[in-house]
Amino acid sequence: MFWCDQLLNKLNLNESQVVNDSKTPSGRAHVGALRGVIIHDVIYKILQEKGVPVRYLFGVDDYDPLDELPYGKNEHFEQYLGMPLCNVPPPSESTASDMADYYINEFFEVFDYLGVQVEKYRLRDIYRNGQFDEVIDRILQQAATVRQVYKTVSNSNRPAHWYPFQVICEQCGKLGTTEVSDYDGKEVTYTCRPTLVKWAKGCGYQGKMSPFSGHGKLPWKLEWVAKWKFFGITIEGAGKDHTTKGGSRDVAAQCLKEIFQQQSPLNIPYEFFLVGGAKMSSSRGVGAAAKEMAEFLPPEILRFLMIRPQPHKPINFPVDEDNIVKLFNEFDRYHTLTQPVPTADVSSVSNVSDEIKRSYCLSEIQPEGHYYQANLQLIEALVQLPHLDPVPEIEKRKGSPLTEIELKHLHRRIASVKYWLNHYATEEEKLRLRETLPPQANQLTVSQRAFLTLLAQELLNTLWEEETLQAKIFAVARLIPIAQPLAFQAIYRVLFDRDSGPKAGNLFVFLNRDFVVNRFQELSYDKVEFWRDTAITSAQFETWCQEQKTEMTSVLTRIDSIDIDSVAGVKAQSGIVELVITFSDHKTYGQRVWLESATEEIQTVATQWIQTLTTQGTLSIAPFPLPPT
């Protein structure tokens, strides 16, 4: 069952629901702030789907004091520390009304991009319009109850003269430096203390004023209570740092219960969003801004990134090539599973888990059904090969013109690749076709060199089509034999001077055949060294044959030897028997058996050994003039 459906089982869905989330706009919103936005949006959409009357509210906590400086903006904002965000002017180049407006507008642009529709409210308006006045009065009247909750729930002591409210100082305009010490039912007594906090200095003024109509605000734990009470909120999650035992969420929930005799909304504790293992911080400039990530990832991919993991699991998203490709490929896999081609067997979709269906469908900005989706790593290669236009190349692979929807998604992926190349890719990750053989290619093993040589021979007469080319690469790797990762590493090293890359068969299609063949033939290798690197003993081969015999359909052989005069240290009677074995799945595999004799020619020894295998019924072997290695 999808995580959201499990959560909603705790609610009475016969009643209307109010979902709430909020943000303090004290700097550029980092991408981690989107996790709560998307989690609440998923809940909202599923409730709508179930026919439950529901609202999704999003609050701008712009009455919070400026308590830290946005990254890179010290010079402008430092003088306003302690003032309400909505009273702080924006940077001089901005047309925004204030600091809060300056930062939240960019965040709301990302909402639109991700298809998130909310009812926005700003706390400056709520306070100034007196909408919280009744709640404020009730909380101040029961300040002793609040102090007791702090003590019993979070083991935090508040003195008897502490009241849960801060006013905007009449003299200096600061909010974060004021302390309320009394309430008579109409006015509060307060002091703007110079040393109340480390990040701002109060002016020392003392006075009395009404706490109503925007003259001050509740501390955020009690502000939670006010929102829950005033808006009738039934669902609101919070990050893990707020939902630990005895933490701010527990304090707020208990205050709501003690003062207003109400239960707190359904909580969805969610983990941090990390970029390369680092927690986001707007003030320290750590991690990507939400706007930047929206410029990087297509909306459905960014939603998928947030939706697929369960809320209680952290998301760690390094922006290296492997992780980017993995994210897109996983989304494409979900797309294929949930949106099969129209001619496909619909029963295959019914076997797909609810988790996969929900994750994909809730990632879509709008339902689009099946469409052809180009592989990201292929697009990455096309974008970096300047002689190619990605659109017609992708249309060739599809076999028909791209639809409007397909073109939209292709252009989004092209933009993603270009953004990644310009902002995140290391020099090693960039795909640059080398005009000459890279020096690092000389570090390839003898088996990798032999693989490239044989592959070059095979490519001369291979149909220059991606699937055929990919199959040929695998076939040659089996003949050497060499592990597939090492085979592909050799290809990428001699062409791009890197260890990995897009699907090689796809890549070859974009390159000139003669160029590829010539490049693969540039590295020579020592034949005897290659034999020693890949050959096994006759006993090892016979054991292997016994294990594989029932699957073998044919065996072809070739005998080769080396003259002692040509290679120092190798006996004249040393050589190999090369065998090409075909299996019932029609795949061929190479084996190389090393033979030595001090008295007989290697041709004689090898022939006798092959005859013995045939006579014993181990194998049915035929000679075959394999190309020399």
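Residues numbered from 1 in each chain as written. Predicted model: local features only at pLDDT ≥ 70, side-chain atom pairs only at ≥ 80, totals over all residues. Heavy atoms only, no water.

Another point: the overall build of the protein. Across its full length, the protein holds 25 helices and 17 strands. Taken over the C-alpha trace, the protein has a radius of gyration of 35 Å; the compact-globule value for 629 residues is 25 Å, which it surpasses by more than 25%. Along the first, second and third principal axes, the C-alpha set of the protein runs to 115 × 55 × 50 Å. In the protein, which comprises 629 residues, the proportion classed as buried is 52%. The contacts of the protein with a sequence gap of at least 6 include a subset with a gap of at least 24, amounting to 69%. Looking at the protein as shown, the accessible area adds up to about 28,500 Å², and 48% of this sits on carbon and sulfur atoms. Averaging the coordinates of the 65 positive side-chain charges in the protein and doing the same for the 79 negative ones gives two points 5 Å apart. (Helix = DSSP H or I, 4+ residues; strand = E, 2+ residues; numbered from the N terminus. Rg over C-alpha atoms; globule rule 2.2 N^0.38 Å. Buried < 20%, exposed > 50% of the residue type's maximum accessible area, 1.4 Å probe, protein only. Contact = heavy atoms within 4.5 Å. Areas by Shrake-Rupley, 256 points an atom, 1.4 Å probe, with all protein chains shown as cover. Lys, Arg positive; Asp, Glu negative; His and termini not counted. Charge placed at Lys NZ, Arg CZ, Asp CG, Glu CD.)

Locating Q373 in the fold gives a position in the loop between α14 (354–363) and α15 (376–384). For Q373, a relative accessible area of 15% puts it in the buried group. Looking at Q373, its side chain comes within polar contact range of the side chain of Y371, at 3.4 Å. In contact with Q373, not counting residues within four places along its chain, are F331, D332, H409 and R413. (Polar contact = N/O pair within 3.5 Å; in protein donor to acceptor, adjacent residues only side chain to side chain.)

Here we come to the packing of aromatic side chains. Here the structure, examined in full by the defined rule, presents 34 aromatic pairs. Aromatic pair Y44 and Y56: ring centres 5.7 Å apart, planes at 45°, arrangement tilted. With Y44 in helix α2 (residues 33–49) and Y56 in strand β2 (residues 54–60), the pair connects residues that are twelve residues apart, well separated along the chain. You'll find Y44 and Y56 in the same group, each marked buried. Centroid distance Y121 to F231: 4.5 Å. Interplanar angle 40°. Geometry classified as tilted. Of this pair, Y121 sits in strand β3 (residues 119–122) while F231 sits in helix α8 (residues 220–231); the two residues are 110 residues apart in sequence, bridging distant segments of the chain. Overall, the relative accessible area of 7% leaves Y121 in the buried class. In this arrangement the basic side chain of R147 is found over the ring face of Y163, its NZ or CZ atom lying 5.6 Å from the centre. The cationic tip of R478 hangs over the ring face of Y589; the distance from NZ or CZ to the ring centre is 5.5 Å. (Phe/Tyr/Trp six-rings, centres within 6.5 Å; stacked < 30°, edge-to-face > 60°. Lys NZ or Arg CZ within 6 Å of the ring centre and 35° of its normal.)

Further remarks concern helix α20 (residues 484–496). Over its 13 residues, α20 extends 18 Å from the first C-alpha to the last, a length consistent with the 18 Å expected when each residue adds 1.5 Å. Among all positions in α20, only A487, F488, A490, I491, Y492, R493, V494, L495 and F496 are buried. Residues of α20 that are buried in the fold lie against α18 (446–459), α19 (466–479), α21 (504–509) and α22 (513–520). (Expected span 1.5 Å × (residues − 1).)

Counting 124 residues, the largest nonpolar core has F107, L297, L302, F451, I491, F508 and F520 as its most contacted members. Broken down by element, the residue count for this core peaks at ten residues, all from α2. For F107, the residues in contact, after removing those within four places along its chain, are K23, A29, A33, L34, V37, F58 and A290. Among the nonpolar cores identified, the runner-up in size contains 46 residues, and Y121, I136, V146 and Y150 belong to it. (Core = buried A, V, L, I, M, F, W, Y, C linked by side-chain atoms within 4.5 Å.)

A few words on the confidence of the model for the protein. Regions with low pLDDT should not have their predicted coordinates read in detail. Mean pLDDT over the protein: 91, with 93% of residues reaching 70 or higher. Confidence drops under a pLDDT of 50 for residues 280–286, and excluding neighbours within four residues, the segment shows 24 contacts in the predicted structure. (pLDDT = per-residue confidence, 0-100.)

Along the chain, R358 falls in helix α14. According to the relative accessible area criterion, R358 is buried, its value standing at 16%. A distance of 2.7 Å separates polar atoms of two side chains, one belonging to R358 and the other to E49. Contacts of R358, omitting those with residues within four sequence positions, involve F2, D5, I46 and E49.

Moving on, we come to the environment of K151. The topology assignment puts K151 in helix α7 (residues 143–154). In this structure K151 touches S156 and N157, once residues within four positions along its chain are discounted. A distance of 3.1 Å separates polar atoms of two side chains, one belonging to K151 and the other to N157.

Judged from the five bridges that link them, strand β5 (residues 178–183) and strand β6 (residues 188–192) form a sheet pairing that is antiparallel. Following the sheet pairing, E179 is matched in β6 by T191. Between β5 and β6, which pair antiparallel and follow one another directly, the connecting turn spans four residues, one of which, G185, has a positive phi of 100°. (Pairing = 2+ DSSP bridges.)

Another aspect to go through is the sheet that holds β3. Strand order in the open sheet made by the three strands is β1-β2-β3, with parallel pairing throughout. Strands at the two margins of the open sheet, each flanked by one partner only, are β1 (17–23) and β3. The mean angle between the axes of side-by-side strands here comes to 25°, regardless of whether they run parallel or antiparallel. Direction of pairing for β1 relative to β2: parallel, over a ladder of seven bridges. If you follow V18 over to β2, its bridge partner there is R55. Each of β1, β2 and β3 is contacted by α8, which is oriented at about 150° to β1, the strand it contacts most. (Axes fitted to C-alpha atoms, helices over the stretch in contact; angles between N-to-C directions.)

The first and last C-alpha atoms of helix α12 (residues 321–338) sit 26 Å apart over 18 residues, in line with the 26 Å expected at 1.5 Å per residue. Taken together, the buried positions of α12 are E321, I324, V325, L327, F328, E330, F331, D332, Y334, H335 and T338.

What the three strands build is an open sheet, ordered β5-β6-β7; its pairing is antiparallel. Since the sheet does not close on itself, it has two edges, and those belong to β5 and β7 (206–209), each with one partner. Along the sheet, successive strands turn relative to each other by an average axial angle of 30°, direction set aside.

To continue, consider the pairing of β6. Within a regular strand, the side chains alternate between the two sheet faces. Burial along β6 is one-sided: the residues V188, Y190 and C192 are buried and none of T189 and T191 is. With four bridges connecting them, β6 and β7 associate as antiparallel partners. Paired with T189 across the bridge in β7 is K208.

Packing of α2 against helix α4 (residues 99–113) brings their axes to within 12 Å, and their N-to-C directions diverge by 45°. By the angle class used here, α2 and α4 are oblique. Helix-helix and strand crossings are classified by hand; for α2 and α4 the assignment is right-handed. Contacts between α2 and α4 involve A33, L34 and V37 on the former and, on the latter, F107, V110 and F111. Classifying every residue of the contact of α2 with α4 by side-chain character gives six nonpolar, no polar and no charged. (Parallel < 35°, antiparallel > 145°, perpendicular 65-115°, else oblique. Left-handed = near helix turned anticlockwise from the far one by under 90°. Nonpolar A, V, L, I, M, F, W, Y, C, P; charged D, E, K, R; others polar.)

With that out of the way, let us pick up the packing of α20 against α22. The angle between the axes and the distance between the axes are what describe a pair of packed helices. The interhelical angle for the contact between α20 and α22, taken along N-to-C directions, is 105°, at an axis separation of 10 Å. Between α20 and α22, the crossing angle belongs to the class labelled roughly perpendicular. Touching I491, V494 and L495 of α20 are F515, R519 and F520, all from α22. For the contact of α20 with α22, the per-class residue count stands at five nonpolar, no polar and one charged.

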